[in-house]
Amino acid sequence: MTTEFNGLLPVPHGDKAQVWIVGSRDQVLHLINEFYVKKIASDPCGICEAARVKFTPIVPAPFADGKYMSVLVR
């Protein structure tokens, strides 16, 4: 990855690990839901939407035509 692309990421850089999900829009949404069910993305409030706060919005992947992406920041 280039420094220029890293500057475009909507997540802060630092010591936090990131999990990138890239695929069709349905695949990305399905994996976000699967991460919630398997408690990879914890839901401390007991509300499904609270877990999704840790994921960036689903956006078109700038490096793959026709694919979408989301990033889980832990």
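Residues numbered from 1 in each chain as written. Predicted model: local features only at pLDDT ≥ 70, side-chain atom pairs only at ≥ 80, totals over all residues. Heavy atoms only, no water.

Peer 1: Help me understand the nonpolar core, please; the structure alone is not making it clear to me.
Peer 2: For soluble globular proteins, the rule of thumb is that nonpolar side chains tend to be buried together. Grouped together as the largest cluster of nonpolar side chains are seven residues: Ile21, Val28, Ile32, Phe35, Ala41, Phe55 and Leu72. Per element, the largest residue contribution to this core is three residues, and it comes from helix 2 (residues 25-37). Residues within four places of Val28 in sequence aside, it is in contact with Ile21, Val22, Gly23, Ile58, Tyr68, Met69 and Ser70. Ranked by size, the runner-up nonpolar core spans five residues in total, among them Ala61, Met69, Val71 and Val73. (Core = buried A, V, L, I, M, F, W, Y, C linked by side-chain atoms within 4.5 Å. Buried < 20%, exposed > 50% of the residue type's maximum accessible area, 1.4 Å probe, protein only. Helix = DSSP H or I, 4+ residues; strand = E, 2+ residues; numbered from the N terminus. Contact = heavy atoms within 4.5 Å.)

Peer 1: I tried to follow the side chain of Ser70 on my own but got confused; where do I start?
Peer 2: By the secondary structure assignment, Ser70 is in strand 3 (residues 68-73). From its side chain, Ser70 meets the backbone oxygen of Thr56 in a polar contact 2.7 Å long. If we ignore the near neighbours within four places in the chain, the residues touching Ser70 are Val19, Trp20, Ile21, Val28, Ile32, Phe55, Thr56, Pro57 and Ile58. (Polar contact = N/O pair within 3.5 Å; in protein donor to acceptor, adjacent residues only side chain to side chain.)

Peer 1: Help me understand the pattern of salt bridges in this model?
Peer 2: Any two side chains of opposite charge can pair, on the condition that their charged atoms come close. Tallied over the full model, the rule gives one salt bridge. Taking the shortest distance from any N to any O, the salt bridge between Glu34 and Lys38 comes out at 2.9 Å. (Salt bridge = Lys/Arg side-chain N within 4 Å of Asp/Glu carboxyl O.)

Peer 1: Can you help me understand the sheet that holds strand 2 (residues 59-60) in this one?
Peer 2: The strands making up a sheet associate through hydrogen bonds between their backbones, and the pairing can be parallel or antiparallel. With antiparallel pairing, the three strands of this open sheet are ordered in space as 1-3-2. The two strands at the open ends of the sheet, each matched to only one other strand, are strand 1 (18-23) and strand 2. As judged from the two bridges shared by strand 2 and strand 3, these two strands associate in the antiparallel manner. The residue of strand 3 that forms the bridge with Pro60 is Tyr68. (Pairing = 2+ DSSP bridges.)

Peer 1: How should the packing of aromatic side chains be read in this particular structure?
Peer 2: Centre distance and the angle of the planes are the two values used to describe a pair of aromatic rings. In this structure the tally under the stated criterion is two aromatic pairs. The ring of Tyr68 carries Arg25 above its face, with NZ or CZ at 5.5 Å from the centroid. (Phe/Tyr/Trp six-rings, centres within 6.5 Å; stacked < 30°, edge-to-face > 60°. Lys NZ or Arg CZ within 6 Å of the ring centre and 35° of its normal.)

Peer 1: What am I meant to see in the confidence of the model for the protein here?
Peer 2: Taken residue by residue, the protein gives an average pLDDT of 76. The fraction at 70 or more is 61%. Taken element by element, the protein is modelled with least confidence in helix 3 (residues 48-52), mean pLDDT 50, and with most confidence in strand 2, mean pLDDT 92. (pLDDT = per-residue confidence, 0-100.)

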